[in-house]
Amino acid sequence: MDIATLSATAEALVAPGKGILAADESSGTIKKRFDSISTESTESNRRDYREMLFTAKGIAEYISGVILFDETIRQTAADGTLLVKLLEDQGIIPGIKVDLGAKPLALSEGETVTEGLDGLRERLAEYRGLGARFAKWRATYSISDALPSADCIDVNAHALARYAALCQEADIVPIVEPEVLMDGDHTIERSFQVTSDVLDALYEALYVQRVRLDGTLLKPNMVLSGYGASQQATVEEVAEATVRCFRAMVPSAVPGIVFLSGGQSDELATAHLNAMNKLGPHPWQLSFSYGRALQAPALKAWKGESANVDAGRDAFLHRAKLNSAARSGSYTPDMEKAAS
Ligand code: 13P
């Protein structure tokens, strides 16, 4: 393990004004996204879409790294250039999703454990050869009156730590992603408690398994009211609760926290990040690693048609620019209307 390289990569991923694009949708998820714009999910459409995002002019000013799916890290652009090279040539760091998905947790109704540890050492070595310098592993936790169970929190923490240790051994920065899902009608206080419990178990497991925290990044949910709750916390309340939770649970050795958007609207995801950064300085960088909240406007503008590629690029660039502003607390809602 080369900790100097790992921590330099982690720090570059959370450089001021920059964040990560999560473009690692699995085959099933990208099909759902394409269904929403009545576009068939073929290999060439997936390539065209991702090539559009990666070649938006000036995007490297706002995007430090891109998380890729297995298919994408091997794919070439229409002109035959590897997509990974298109990123590297702009100074954007390629990353790779390495988990194999959240599967039902045996004997625990409604819960999941993320799989993919078997053979991971070999897969990481291959991905490193293909250019990946960081990776992602996502665990999910549902909230109900009884869930998540202590067992679900425990097994997912253990798997996240095993993944992180294997990554560091391969000189790949592990992004550890424990996602507490916000479906349900729970309060923000319940979200705070569950997120705290999940982070507590995660950092214990990382410590026990000798993971160097300065060579990792955390990709968590924000602390929100359940999406179905009748009373929704305000942007300021979300920022205050999220920062309070992470200050109590995340060691300052971690270089950065890169939030997922998790089904929030793109504008709200930006506003929340902005409000949190206004409460700084913090012990770690507070940044983004959004999938939907960065891609939604680009997907809508593109509609699967080559004639709309420039419109798709503009929409993506604009969204990335607003999230970049949120990194320093300088986003304002009126910037939404400005042309990119
Ligand atoms: P969302 O921002 O759409 O939640 O996606 C981020 C991600 O990578 C989920 O694993």
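In short, a report on the structure. (Residues numbered from 1 in each chain as written. Predicted model: local features only at pLDDT ≥ 70, side-chain atom pairs only at ≥ 80, totals over all residues. Heavy atoms only, no water.)

Between Leu147 and the following residue, Pro148, the backbone shows a cis peptide bond with an omega angle of 0°. Among the structural elements, Pro148 can be located in the loop between strand 6 (134-141) and helix 7 (150-169). Of the consecutive residues Gly280 and Pro281, the connecting peptide bond is found in the cis state with omega at 10°. Here Pro281 lies in the loop between helix 10 (266-278) and strand 10 (285-290). A positive phi angle is found at Ser38, which is not glycine, with a value near 50°. Assignment of secondary structure puts Ser38 in the loop between helix 2 (27-35) and helix 3 (43-54). Not every positive phi belongs to a glycine, and Arg210 is a case in point at roughly 65°. Here Arg210 shows up in the loop between helix 8 (188-208) and strand 8 (217-218). Residue Arg210 is classed as exposed on the basis of its relative accessible area of 73%. (Helix = DSSP H or I, 4+ residues; strand = E, 2+ residues; numbered from the N terminus. Buried < 20%, exposed > 50% of the residue type's maximum accessible area, 1.4 Å probe, protein only.)

Before going further, it helps to examine helix 12 (residues 309-326). It helps to recall that an α-helix has 3.6 residues per turn; residues three or four apart then point in one direction. With 18 residues, helix 12 extends 26 Å from end C-alpha to end C-alpha; this agrees with the ideal 26 Å at 1.5 Å per step. Taken across its 18 residues, helix 12 has 13 buried, putting it largely inside the fold. (Expected span 1.5 Å × (residues − 1).)

A word on the pairing of strand 1 (residues 19-22). Bridge count for strand 1 against strand 2 (residues 63-68) is four bridges, and the pairing is parallel. Bridge pairing links Gly19 to Ile63 in strand 2. Here two bridges tie strand 1 to strand 10, and the two strands are oriented parallel to one another. Residue pairing in the sheet places Leu21 in a bridge with Tyr290 of strand 10. (Pairing = 2+ DSSP bridges.)

Moving on to the layout of surface pockets. Taken as a whole, the largest pocket holds about 550 Å³ of empty space. Contributing to the lining of the largest pocket are 23 residues, with Thr29, Arg33, Lys136, Arg138 and Arg292 lying nearest its centre. Elements with a minimum of two residues in the lining of the largest pocket: helix 2, strand 6 and strand 7 (173-180). Broken down by class, the residue content of the lining of the largest pocket amounts to three nonpolar, eight polar and twelve charged. Considered as a void within the structure, the second largest pocket measures approximately 240 Å³ in volume. Taken together, 16 residues line the second largest pocket, and the ones lying closest to its centre are Thr187, Ile188, Glu189, Ser225 and Ala233. When contributions to the lining of the second largest pocket are tallied by element, the ones reaching two or more residues are helix 8 and helix 9 (235-249). When residues of the lining of the second largest pocket are assigned to their parent elements, the largest contribution, four residues, is made by helix 9. When its residues are assigned to classes, the lining of the second largest pocket shows five nonpolar, six polar and five charged. (1 Å grid on protein atoms, 1.4 Å probe; cavity = no way out; pocket = protein on both sides within 12 Å on 5 of 7 lines; lining within 4 Å. Points joined across faces, edges and corners; volume = space filled by probe spheres on them. Nonpolar A, V, L, I, M, F, W, Y, C, P; charged D, E, K, R; others polar.)

This part is about the packing of helix 8 against helix 9. At their nearest, the axes of helix 8 and helix 9 sit 9 Å apart, and the two run at 25° to each other. Compared by their axis directions, helix 8 and helix 9 come out roughly parallel. You can see that helix 8 and helix 9 cross each other, and the crossing is right-handed. Only Glu237, Val238, Ala241, Arg244, Cys245, Phe246 and Met249 of helix 9 make contact with helix 8, whose side of the interface consists of Ile188, Phe192, Thr195, Ser196, Leu199, Asp200 and Tyr203. (Axes fitted to C-alpha atoms, helices over the stretch in contact; angles between N-to-C directions. Parallel < 35°, antiparallel > 145°, perpendicular 65-115°, else oblique. Left-handed = near helix turned anticlockwise from the far one by under 90°. Contact = heavy atoms within 4.5 Å.)

One pair of aromatic rings is described through two measures. These are the centre distance and the angle between the planes. Enumeration according to the criterion identifies six aromatic pairs in this entry. Plain terms: the ring middles of Phe288 and Tyr290 are 5.7 Å apart, the flat faces sit at 35° to each other, and that makes the pair tilted. Each of the two residues, Phe288 as well as Tyr290, counts as buried. One aromatic cluster is present, formed by Phe34, Tyr49 and Trp302 through successive ring pairs. (Phe/Tyr/Trp six-rings, centres within 6.5 Å; stacked < 30°, edge-to-face > 60°.)

Here the focus is the site of the ligand. Surveying the vicinity of the ligand reveals 13 residues, the closest of which are Lys136, Lys219, Ser261, Gly262 and Arg292. Contact distances for the ligand include 2.9 Å between an oxygen atom and a side-chain N or O atom of Glu177. Between an oxygen atom of the ligand and a main-chain N or O atom of Gly262, the distance comes to 2.7 Å. Calculation on the ligand without its partners gives an accessible area of 300 Å², and the protein chains cover 90% of this total. Given that more than half its atoms are within 2 Å of the pocket grid, the ligand belongs to the largest pocket. Broken down by secondary-structure element, the contributors of at least two residues to the shell around the ligand are strand 6 and strand 10. (Near = heavy atom within 4 Å. Polar contact = N/O pair within 3.5 Å; in protein donor to acceptor, adjacent residues only side chain to side chain. Areas by Shrake-Rupley, 256 points an atom, 1.4 Å probe, with all protein chains shown as cover. Sits in = over half its atoms within 2 Å of the grid points.)

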